[in-house]
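One letter stands for each residue in the lines below.
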Amino acid sequence: MTGSEEELDYEALGLKVGLEIHQQLNTRHKLFCGCPTDLTEGEGDKFRRWLRPTRSETGDVDVAALFEYRKGRYYMYLAPYGHHCLVEADEEPPHPINEEAVRIAIAVAKALGSTIVDEVHVMRKLVIDGSNTSGFQRTAIVALGGRISSNGKEYGIQTIVVEEDAARKEGESGPEVDYKLDRLGIPLIEIATAPDIHTPREARDVALAIGMLLRMTGAVKRGLGTIRQDLNVSIVGGAKTEIKGVQELELIEKVVKYEVMRQVSLLKIRDEMAARGITEDMIVLAPVNVTEVFRNTRSKVISRALSQGGVVLALRLPRMKGLIGREVQPGRRFGTELADYVRFWADVQGLFHSDELPNYGITKEEVDAVYRALNADPLADAFVMVAEREERALKALSVIVDRVRQALHGVPEETRAANEDGTTRYLRPRPGKERMYPETDIPPLRVTPELLAEAEKLVPESPEAKLRRLVERYSMSRDLAEKVVADPRLPVIEELIAKYGSSVQPTLIASIFVTIMKGLRGKGVDVDSISEDRIEDLIRLLAEGRMAKEAVEAVLAEMAKDRSLSAEEAAKKLGLINMSVEEAAKVIDEILNANVELVRQRGEGAFGALMGKAMDRLRGKIDGKVVAELLREKIRQILSSAASGQG
Ligand SMILES: [Zn+2]
């Protein structure tokens with residue numbers, strides 16, 4: 001059995017992982033038009049499109065079947081004002097490729113020691129889910145080869161590509177799928193590694209190293225959703241599985257581990273099917289209509305289906321008892337894998353299988369009756385059951401027959417999507433061989449010496465060099481410097497240190513991001529809602545001596561609680577703000593006005609007495625040093641004006 005706690009021997013299993021890192025670039029405009037590259041919540045127009053008919057070039061059976069199944073489906077595109085033009089709507093040819101994006105990609109390629117192409121050719125890659133209005137994604141190889149190092153080991157880079165991001169999926173209801181066009185066309189850099197990674201931990205570390213390098217160009221977008229990792233995972237005897245859309249770095253390790261678990265489990269199921277003498281011709285589509293068994297059922301799912309004119313079809317799976325309920329990933333069974341297929345290929349929302357019954361309102365008597373109707377052996381056989389309109393139920397069962405037959409061969413080649421808990425679900429079959437066609441609307445871009453020289457200016461420092469610089473120049477501990485280099489807001493931290501580092505300790509500025517905010521986040525405070533501008537306001541208060549560093553945590557927490565508060569307002573609300581220098585100056589003016597005679601008599605000797613008076617009123621509200629400076633300055637002014645008045 002595959003328990004979630006089982007230790008897997010990755011070396012013995014021959015684990016191979018390759019990464020594809022997709023990162024949005026922070027260019028001024030999109031890859032093939034002049035639209036901006038930020039997302040919006042603003043209003044816009046809507047238009048509707050149907051999926052285009054299969055192109056003749058795509059002879060792929062799976063894709064053809066998919067088109068067939070998706071027939072009747074349509075896409076609703078929300079086109080927010082100012083964030084789309086005729087290019088996104090596929091009503092105007094794309095403009096020449098954005099050179100700024102190519103420049104950034106070349107800079108990254110140089111840092112990775114990759115070989116840069118002489119000419120950048122834009123290609124089309126078929127897209128079948130409507131996420132691109134044109135029916136394909138435009139992509140261009142910029143460099144090949146290279147390496148990235150992590151923990152003293154080197155990992156091969158295969159390709160560095162720039163491509164357009166897809167439209168944002170907003171929802172789905174019935175035949176309608178909703179997309180938003182603001183994201184479509186934002187430039188992405190895609191870095192694909194060789195399958196040189198052999199443990200889940202290494203996968204995380206290599207992704208981290210690439211992510212750090214990208215951020216160090218200072219030319220990539222920040223924040224959730226701007227970087228996405230795809231993983232290719234395989235073990236010996238298993239299959240190369242492509243896992244899409246892992247957004248969080250911390251999830252990578254888990255996703256790889258769970259995928260290995262799944263492949264190991266599927267191989268065990270294969271072996272057990274063989275041991276039980278199950279062959280392909282025993283798995284046949286011979287459904288039995290068991291609707292009568294469920295006429296008075298307490299199962300809500302079944303009675304709802306029946307009331308809508310559905311039927312219950314059952315299918316015997318000979319000698320499969322216990323295998324459908326076999327866990328393949330934590331909380332996911334082989335039956336869950338079947339359900340994924342049924343959802344995708346037959347548009348049927350679920351199935352029942354004998355290993356989980358009686359349950360869900362289905363009684364033991366009903367289960368026994370189904371076994372009898374199927375002429376099946378309750379001690380050896382399993383069954384699956386679908387409650388749906390007859391045609392769809394039948395389609396669902398034929399999908400199950402196909403998938404169970406595949407189980408005899410082990411792990412099918414699949415593209416999967418990552419769930420939030422690190423498990424994965426079936427997304428679609430893996431494309432046989434990725435078909436690409438030249439994009440004839442866009443001329444190739446020559447990589448000239450000028451372009452290379454421009455890119456050279458963007459080549460990022462290596463993470464190691466950056467680390468050393470932080471330690472040496474700003475006296476950071478190595479531990480703090482490592483956290484700063486790994487932080488997505490590294491460029492912001494550096495910018496703030498450059499701006500305020502002379503009056504606020506650089507280590508304090510760094511700690512605000514990587515220690516204090518992290519600690520608050522751990523306590524459930526939504527610090528990520530605090531914009532960078534508001535954090536800068538807070539640092540400015542520190543720089544002006546108006547707030548003690550001890551107050552930073554409390555003020556940040558208050559700012560997270562109430563997004564309308566500026567740093568100053570939050571600090572005031574908590575009574576943690578100092579008086580401004582102007583306010584203090586007013587108080588000192590008042591004191592001096594009342595004591596002009598004293599100053600005239602004693603000159604600078606009046607300072608001590610006046611300082612005492614000033615501190616009586618200002619103690620605890622502003623730094624004593626500031627008061628002393630102000631007071632000296634004002635005394636000098638009075639004396640010099642008195643002197644010039646006399647002269
Ligand atoms: Zn546009």
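Remember, it's a predicted structure, so these values are computed and weren't measured experimentally.

> Can you tell me about the overall build of the protein chain, naming the residues and giving the values?
Within the protein chain, the regular secondary structure consists of 21 helices and 24 strands. Computed over its C-alpha atoms, the radius of gyration of the protein chain comes to 33 Å, more than 25% above the 26 Å expected for a compact globule of 647 residues. Projected onto the principal axes, the alpha-carbon positions of the protein chain cover approximately 120 × 65 × 55 Å. Within the protein chain, buried positions represent 37% of all 647 residues. Counting only contacts in the protein chain whose residues sit at least 6 apart along the sequence, the fraction spanning at least 24 positions is 73%.

> Lay out the sheet that holds strand β19 (residues 352-353) with the relevant residues and their values.
Sheet architecture is open: four strands sit in the order β15-β16-β20-β19, paired in antiparallel fashion. Each edge of the sheet is formed by a strand with only one pairing partner; in this case those strands are β15 (288-289) and β19. Across the sheet, helix α6 (residues 300-307) lies against β16 (311-317) and β20 (382-388), angled at about 45° from β20, the strand it touches most. Where helix α8 (residues 364-374) meets the sheet, it contacts β15, β16 and β20, and its direction lies at approximately 70° from that of β16.

> Tell me about the environment of Ile191, and name the residues and values.
With respect to the secondary-structure elements, Ile191 resides in strand β12 (residues 187-193). The class of Ile191 is buried, set by 27 C-beta atoms lying within 10 Å. Here the alpha-carbon distance between Ile191 and Leu19, two residues 172 residues apart in the chain, equals 7.8 Å. Those residues in contact with Ile191, other than ones at most four positions away along the chain, are Ile21, Ile157, Ile160 and Ile210.

> Any chance you could break down the packing of helix α11 (residues 463-474) against helix α12 (residues 478-486) for me, citing the residues and the numbers?
Their axes nearest at 9 Å, the elements α11 and α12 cross at an angle of 130°. The angle between α11 and α12 falls in the class oblique. When you trace α11 past α12, the crossing you get is right-handed. Taking contact as the criterion, the partners of Pro463, Lys466, Leu467, Leu470 and Val471 in α11 are, on α12, Arg478, Ala481, Glu482, Val484 and Val485. Along the lines of polarity and charge, the residues of the contact of α11 with α12 split into seven nonpolar, no polar and three charged.

> I'd like a rundown of the environment of Ala140, residues and numbers included.
For Ala140, the position within the fold is in strand β7 (residues 136-144). Here the alpha-carbon distance between Ala140 and Val102, two residues 38 residues apart in the chain, equals 9.3 Å. Ignoring any residue separated from it by four or fewer positions in sequence, one finds Ala140 in contact with Ile97, Val120, His121, Val122, Met123, Val161, Val162 and Glu163.

> Can you tell me about the pairing of strand β22 (residues 424-429), naming the residues and giving the values?
Regular strands have side chains that alternate between both faces of the sheet. The sheet contact formed by strand β21 (residues 414-418) and β22 spans five bridges and is antiparallel. Counterpart to Thr415 in the pairing with β22 is Arg428. Where β21 folds back onto β22 in an antiparallel hairpin, the turn is made up of five residues, including Gly422, whose phi is positive at roughly 95°.

> Could you give an account of the sheet that holds strand β10 (residues 168-173), naming the residues involved and the relevant values?
Within a sheet, neighbouring strands are paired by backbone hydrogen bonds and run either parallel or antiparallel to one another. Spatially, the four strands line up as an open sheet ordered β2-β3-β11-β10, and their pairing is mixed. Two strands close off the open sheet at either side, each with one partner strand: β2 (44-50) and β10. Put simply, the sheet's adjacent strands are angled 20° from each other on average, direction ignored. Where β2 and strand β3 (residues 74-80) come together, seven bridges link them in antiparallel fashion. Across the sheet, Arg48 pairs through a bridge with Met76, a residue of β3.

> Lay out the pairing of strand β1 (residues 16-24) with the relevant residues and their values.
The buried fraction of β1 amounts to seven of the nine residues, a majority that puts the element mostly inside the structure. The pairing of β1 with strand β13 (residues 227-234) spans eight bridges and is classified as antiparallel. The residue bridging Leu19 from the neighbouring strand is Leu231, located in β13. Both β1 and β12 contribute to a ladder of five bridges, which runs antiparallel. Its bridge partner lying in β12, Ile21 is registered against Ile191.

> Before we move on, can you summarise the packing of α12 against helix α14 (residues 506-522) with the specific residues and values?
Where α12 meets α14, the closest approach of the two axes is 10 Å, and the angle between their N-to-C directions is 55°. One finds that α12 runs oblique with respect to α14. Considering how the two elements wind past one another, α12 and α14 form a crossing that is left-handed. Residue-level inspection shows Leu480, Lys483 and Val484 of α12 in contact with α14, the latter providing Thr507, Ala510, Ser511 and Val514. Residues that form the contact of α12 with α14 fall into these classes: four nonpolar, two polar and one charged.

> How would you explain α12 if you had to name every residue and give the values?
Because an α-helix completes one turn every 3.6 residues, residues spaced three or four positions apart along the sequence face the same direction. Those residues of α12 that sit buried are Ala481, Val484 and Val485. Buried residues along α12 cover an arc of 95° about the axis, so they all sit on one side. In the core, the buried residues of α12 are packed alongside α4 (200-216), α11, α13 (490-500) and α14.

> Can you tell me about helix α16 (residues 552-561), naming the residues and giving the values?
All of the buried residues in α16 are Val552, Val555, Leu556, Glu558, Met559 and Ala560. Where α16 is buried, its residues touch α14, α15 (532-543) and α17 (567-573).

> Give me the lowdown on unusual backbone geometry, citing residues and values where you can.
Leu357 connects to Pro358 through a cis peptide bond whose omega is 0°. Residue placement: Pro358 occurs in the loop between β19 and α8. Backbone geometry at Asp90 places phi at a positive 65°, although glycine is not the residue there. Summarising the element assignment, Asp90 is placed in the loop between β3 and α3 (99-111). A positive phi angle, close to 60°, is found at Asn375, a residue other than glycine. Mapped onto the secondary structure, Asn375 falls in the loop between α8 and β20.

> Quick rundown of the nonpolar core? Include the residues and the values.
Counting residues in hydrophobic clusters, the biggest one holds 94 residues, and the most contacted among them are Ala105, Val108, Val142, Ile160, Val162, Leu231 and Val555. Both domains that furnish three or more residues to this core are identified here as domain 1 (10-274) and domain 3 (463-573). Filtering out sequence-adjacent residues up to four positions away, Val162 remains in contact with Leu31, Ala101, Val102, Ala105, Ala140, Val142, Pro187, Leu188 and Ile189. Counting residues in each nonpolar core, the second largest holds 49 residues, with Val312, Ala396, Val399 and Ile400 among its members.

> Could you give an account of the environment of Leu445, with specific residues and numbers?
Assignment of secondary structure puts Leu445 in strand β24 (residues 445-446). Residue contacts for Leu445: discarding those within four places in its chain leaves Ile97, Glu99, Val102, Glu119 and Val120.

About the thresholds
Residues numbered from 1 in each chain as written. Predicted model: local features only at pLDDT ≥ 70, side-chain atom pairs only at ≥ 80, totals over all residues. Helix = DSSP H or I, 4+ residues; strand = E, 2+ residues; numbered from the N terminus. Rg over C-alpha atoms; globule rule 2.2 N^0.38 Å. Buried ≥ 20, exposed ≤ 12 C-beta atoms within 10 Å, placed from the backbone. Contact = placed C-beta atoms within 7 Å. Pairing = 2+ DSSP bridges. Axes fitted to C-alpha atoms, helices over the stretch in contact; angles between N-to-C directions. Parallel < 35°, antiparallel > 145°, perpendicular 65-115°, else oblique. Left-handed = near helix turned anticlockwise from the far one by under 90°. Nonpolar A, V, L, I, M, F, W, Y, C, P; charged D, E, K, R; others polar. Arc of directions from axis to C-beta. Core = buried A, V, L, I, M, F, W, Y, C linked by C-beta atoms within 7 Å. Domains from an automatic or database assignment.

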